[in-house]
Amino acid sequence: MLPLNKPYLSGNELYYIEDALKEAHISGNGKYTKKCHGYFKDKYGFKKTLLTTSCTDALEMCAILLDIKNDDEVILPSFTFVSTALAFYRQGAKLVFADCRRDFPSIDESKIEDLITPKTKAIVVVHYAGISCNMDMIMKVAEKYNLFVIEDAAQSFNSFYKTRPLGGIGHLGCMSFHETKNIQCGEGGMLIINDNRFVERSEIIWEKGTNRAKFFRGEINKYGWVDTGSSFLPSELNAAFLFAQLEMSEIIQDKRLKIWNKYFNEFKKLKLPDFDLPLIPEYASQNGHLFYIVLKNKVRQQKLINFLREKDIYAAFHYLPLHQSEFYKKRHDGRKLNYCDKFSDCLVRLPLFFELTDKQQSYIISTVVDFFKTEKR
Ligand SMILES: *Cc1c(COP(=O)(O)O)cnc(C)c1O
């Protein structure tokens, strides 16, 4: 079976892990954590980053940093992974789910303003498939109502809005290095702090509510408990693994984009009338994180997925709407989110991973074409 994803090893992971072991500092915030932070500063200009054990953790840090409390409202998409919502729910927020755009699975920027009330505290956006939301529109509405913007850039390593790297535009950004993402270390993530007001406190929350980071920089002569927090920092073993991937990221990105472009160009040439291809707005440059097509309805979606599985190709739908989830539906305010339901019912992801060969990809494409030729509408 051709899998949907396959984690790629760039080659130096074990070498750097061994080096970290020799340093005799394998808890967090050592040499490799600093190397990773340095990488993001040099390459993307992120002034302050903190590696975390997951993107879920980075999102939880955001909810703590914003002091989200009972009755605060947070606007976010429903078509996303649970973590986007969970971080804010845990702090007591009321979740106000927004619909997708008609032509695009990310949040409909033009409908956000209608959802704002005096209780709204933050807007959380997700750049689905690493394809940017319209950040100028989002930052403008946030500014008008004095709200914070958090980018769930879990899928957006090396994606851009105009010339700006995703995760670096909102007040805070979160990235994932889970094994299903482009650059990975098994489980891992990163908080990006773009608003200076959060810098000092983010380090404290990161290290169990202590001012330990300051102590190790020699800025204070003892450290203690000064705020809330948790243990959000990953071990040096994960950071060493991640650094090996970051060093190879250009090769990884080039390959993924090549695969993505082949899917897109081949399907476009064939002009198949039965599905839509992904939309890339002109302001977005994407990172080949995932390739999807959008079918006409749920029956077609299921039929295509089954057809491909019979031919040893693992394709998959994506998110189940959070506003209709078993956990949250009784708390949701009842608004219908039609386009969110549409993308849940109609979107199909095709295999995309570094080691996918050209021959395997051609097989996937011709099998999809077979489906549309043979299966009745
Ligand atoms: C993968 C993902 C997450 C969770 O990332 P973890 O590192 O596994 O916690 C959150 N949001 C989105 C949109 C994701 O794709």
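In case you missed it, the structure is sitting above this.
What comes next concerns the included structure. (Residues numbered from 1 in each chain as written. Predicted model: local features only at pLDDT ≥ 70, side-chain atom pairs only at ≥ 80, totals over all residues. Heavy atoms only, no water.)

### Some words on the sheet that holds strand E8 (residues 160–161)
- Spatially, the three strands line up as an open sheet ordered E9-E8-E12, and their pairing is antiparallel. Each of the sheet's edge strands pairs with one partner strand only, and the pair in question is strand E9 (164–165) and strand E12 (284–285). (Pairing = 2+ DSSP bridges. Helix = DSSP H or I, 4+ residues; strand = E, 2+ residues; numbered from the N terminus.)

### Some thoughts on helix H12 (residues 358–374)
- Here H12 spans 24 Å end to end across 17 residues, near enough to the 24 Å set by a 1.5 Å rise per residue.
- Close packing links the buried residues of H12 with helix H9 (249–270), helix H10 (298–310) and strand E14 (347–350). (Expected span 1.5 Å × (residues − 1). Contact = heavy atoms within 4.5 Å.)

### Here we look at a nonpolar patch on the surface
- On the surface, a cluster of nonpolar side chains totalling about 260 Å² of accessible area is made up of Phe81, Val82 and Leu86.
- Along the chain, phenylalanine 81 falls in the loop between strand E2 (73–77) and helix H4 (82–90). (Patch = residues over 30% accessible without salt bridge, like charges linked within 9 Å, V, L, I, M, F, W, Y side chains within 5 Å. Areas by Shrake-Rupley, 256 points an atom, 1.4 Å probe, with all protein chains shown as cover. Salt bridge = Lys/Arg side-chain N within 4 Å of Asp/Glu carboxyl O.)

### Here we look at the pattern of salt bridges
- By the definition in use, this model includes 25 salt bridges.
- Lysine 43 is the partner of glutamate 250 in a salt bridge, and the nearest nitrogen-oxygen pair spans 3.5 Å. Of this pair, glutamate 250 sits in helix H9 while lysine 43 is found in helix H2 (residues 31–44), placing the two residues 207 residues apart along the sequence.
- Accessibility expressed as a relative area gives 34% for lysine 43, which makes it partly exposed.
- Aspartate 358 is paired through a salt bridge with lysine 262; the nearest N and O atoms lie 3.0 Å apart. (Buried < 20%, exposed > 50% of the residue type's maximum accessible area, 1.4 Å probe, protein only.)

### Concerning the environment of asparagine 265
- Within the fold, asparagine 265 resides in helix H9.
- For the pair asparagine 265 and leucine 308, spaced 43 residues apart in sequence, the C-alpha to C-alpha distance is 20 Å.

### Brief notes about the nonpolar core
- Counting 72 residues, the largest nonpolar core has Phe88, Met135, Ile150, Leu172 and Leu191 as the members making the most contacts within it.
- Sort the elements by how many residues they give to this core and helix H3 (residues 55–65) lands first, with eight residues.
- Residue contacts for isoleucine 150: discarding those within four places in its chain leaves Leu59, Cys62, Leu66, Phe88, Ala122, Ile123, Val124, Val125, Leu172 and Cys174.
- Core analysis: the second largest hydrophobic core is formed by 28 residues, Phe267, Ile305, Leu308 and Leu356 among them. (Core = buried A, V, L, I, M, F, W, Y, C linked by side-chain atoms within 4.5 Å.)

### Let's talk about the pairing of strand E7 (residues 148–152)
- Burial analysis of E7 places five of its five residues in the buried class, which makes it a mostly covered element.
- On E7, burial covers both faces: Phe148, Ile150 and Asp152 on one face and Val149 and Glu151 on the other are all buried.
- Examined bridge by bridge, strand E6 (residues 120–126) and E7 share five bridges and lie parallel to one another. The partner of alanine 122 across the bridge, within E7, is phenylalanine 148.
- What joins E6 to E7 is helix H5 (residues 135–145), and the crossover it makes is right-handed.
- Note: E7 against strand E10 (residues 172–176), three bridges, orientation parallel. Paired with isoleucine 150 across the strands is leucine 172, a residue of E10. (Right-handed = clockwise from strand over helix to strand, strands pointing away.)

Any functional reading would require information beyond the geometric quantities listed.
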